[in-house]
Amino acid sequence: MSFEPLGLIEPLLRTLEALDYREPTPVQKQAIPAVLKGRDVLAAAQTGTGKTAGFALPLLQKLTMEGSQVAANSVRALVLVPTRELAEQVAQAVQQYAQNLPLRTYSVYGGVSINPQMMKLRKGIDLLVATPGRLLDLYRQNAVRFDQLQALVLDEADRMLDLGFAKELDELFSALPRKRQTLLFSATFSDAIRLMAKELLRDPLSIEVSPRNAAAKSVKQWLVTVDKKRKSELLLHLYRERGWDQLLVFAKTRKGVDELEQLLLAEGIAADSIHGDKPQPSRLRALQRFKAGEVRVLAATDVAARGLDISELPRVVNLDLPIVAEDYVHRIGRTGRAGATGEAVSLVCADEVELLAAIETLIGQIIRREDEPGFVPDHRVPQTAPGGAVLKKPKKPKVKVIPGAGKGKIHMGNWFEADDDKPKAKAVRAVPKFGEKPKPTKKR
Ligand code: AMP
């Protein structure tokens, strides 16, 4: 099926041909006609599904067809996104899609000077991509007005809430005209997202092109507990001992990704990396080399890994657990695709037990633990239990005095983390002799 039956106008069809988009993706097939008709849309779709064109093409068409002039400082369509990276990416895509249309598109986000953005907004913008914080700043300074606004897109709505934009969003929503078209895209659907959708959308068309919250059944998930400082060593060990072939490794920070890549290269393993500090061409090159099999281990951060489409990847390793539990589902969704079985292995240290409990609550299962001989951690990772419970160590070590027994203290706790292993030789309250009045305990 080509794009023509979806009702797109000739300049857009020409653009799509130039971009070599031969047929619409599933989300585009459903979203384009609905948005053209003016319907609200609620879509479960992540990056990589073609969702940007799914909302941008019909909105750009509507803005063009209506032909009205955008007033000074006004915006006719607004796309809210969680991060600067995504703002850039979406704005670039929109600009491409609008190349044959007489429209002004632009993006605003924080972390850069606000003045050029104010200047640019003066003439008015047909479609503006924005992060919530900066947009609110601009609004408060009267640099942007919403009275001409007719369409609002919330892109990666779950991510916006995860990043703590709920208040900014509320303030923005109350500044927007009530009569408008609203499209909400989210990879996952928490109660907060459902509530937001209920409040903002009117009789929306629901589109689902990716499984919700559920970790793919075909992915075998397990974890190894390990001390934080030995994670990379364990990764190398597992890679060699188990004869692992290609793997995608997730680390929490850009620095962590860089360090891992350096270590792997120093060990003679073909490795590459993708993260937000790397320019787009080198990210793309890393991905292509990985897909072509020239790279055995690709290290990545979550931000950069969103949108990666790698089919038939046998294994994903979490060198660090993600801060946001939903990212675990995205990460392991990179393997076990299209019916293939995959494996997701997490290297978990004691500091990460709360993150682990949150992930297990989200996926509704306790991840199987395996000990790796030689790597059993000094800092034990507390057991987790269904419902997100962490079976904590006792608050204070129980210490009992045995009269005349050398140093006089025996460690009676169930288990302790290494730092607690040597209970401090603080006096246990003296037991009064028979007939003696107990001494009052000093208040600390
Ligand atoms: P998105 O999910 O919107 O971030 O899009 C993911 C990637 O797919 C982007 O690089 C788009 O340029 C590309 N893309 C989107 N729609 C199509 C299509 N119909 N045919 C080919 N590529 C597409």
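As shown above, the structure is provided for reference.
Residues numbered from 1 in each chain as written. Predicted model: local features only at pLDDT ≥ 70, side-chain atom pairs only at ≥ 80, totals over all residues. Heavy atoms only, no water.

## With respect to the sheet that holds strand β2 (residues 75-80)
Taken in spatial order, the 7 strands make up an open sheet running β3-β4-β2-β5-β6-β1-β7, and their pairing is parallel. Each having just a single partner strand, β3 (105-108) and β7 (205-208) make up the two edges of the open sheet. Across the sheet, the axes of successive neighbouring strands diverge by a mean angle of 15°, strand direction being ignored. Taken together, the 5 bridges between β2 and strand β4 (residues 125-130) define a ladder with parallel strand orientation. What sits directly across from Leu 78, in β4, is Leu 128. Together, β2, β3, β4, β5 (151-154) and β6 (181-186) form the strand contacts of helix α3 (residues 51-66), whose direction differs from that of β6 by roughly 165°. (Pairing = 2+ DSSP bridges. Helix = DSSP H or I, 4+ residues; strand = E, 2+ residues; numbered from the N terminus. Axes fitted to C-alpha atoms, helices over the stretch in contact; angles between N-to-C directions. Contact = heavy atoms within 4.5 Å.)

## Focus: the pairing of strand β11 (residues 297-300)
The alternating pattern of β11 places Val 297 and Ala 299 on one face and Leu 298 and Ala 300 on the opposite face, and all of these are buried. One ladder, built from 4 bridges, connects strand β9 (residues 247-250) with β11; its direction is parallel. Its bridge partner lying in β11, Leu 247 is registered against Val 297. Of the pairings in the sheet, the one linking strand β10 (residues 271-274) to β11 comprises 4 bridges and is parallel in character. If you follow Asp 272 over to β11, its bridge partner there is Leu 298. Following the chain from β10 across helix α12 (residues 280-291) to the adjacent parallel β11, one finds a crossover that is right-handed. (Buried < 20%, exposed > 50% of the residue type's maximum accessible area, 1.4 Å probe, protein only. Right-handed = clockwise from strand over helix to strand, strands pointing away.)

## Focus on the packing of α3 against helix α4 (residues 84-97)
With their axes 10 Å apart at the nearest point, α3 and α4 run at an angle of 45° to one another. In terms of axis orientation, α3 runs oblique to α4. Viewed along their axes, α3 and α4 form a crossing whose handedness is right-handed. When α3 is examined against α4, the residues Thr 52, Ala 53, Phe 55, Ala 56, Leu 57 and Leu 60 are found in contact with a partner set consisting of Val 90, Ala 93, Val 94 and Tyr 97. (Parallel < 35°, antiparallel > 145°, perpendicular 65-115°, else oblique. Left-handed = near helix turned anticlockwise from the far one by under 90°.)

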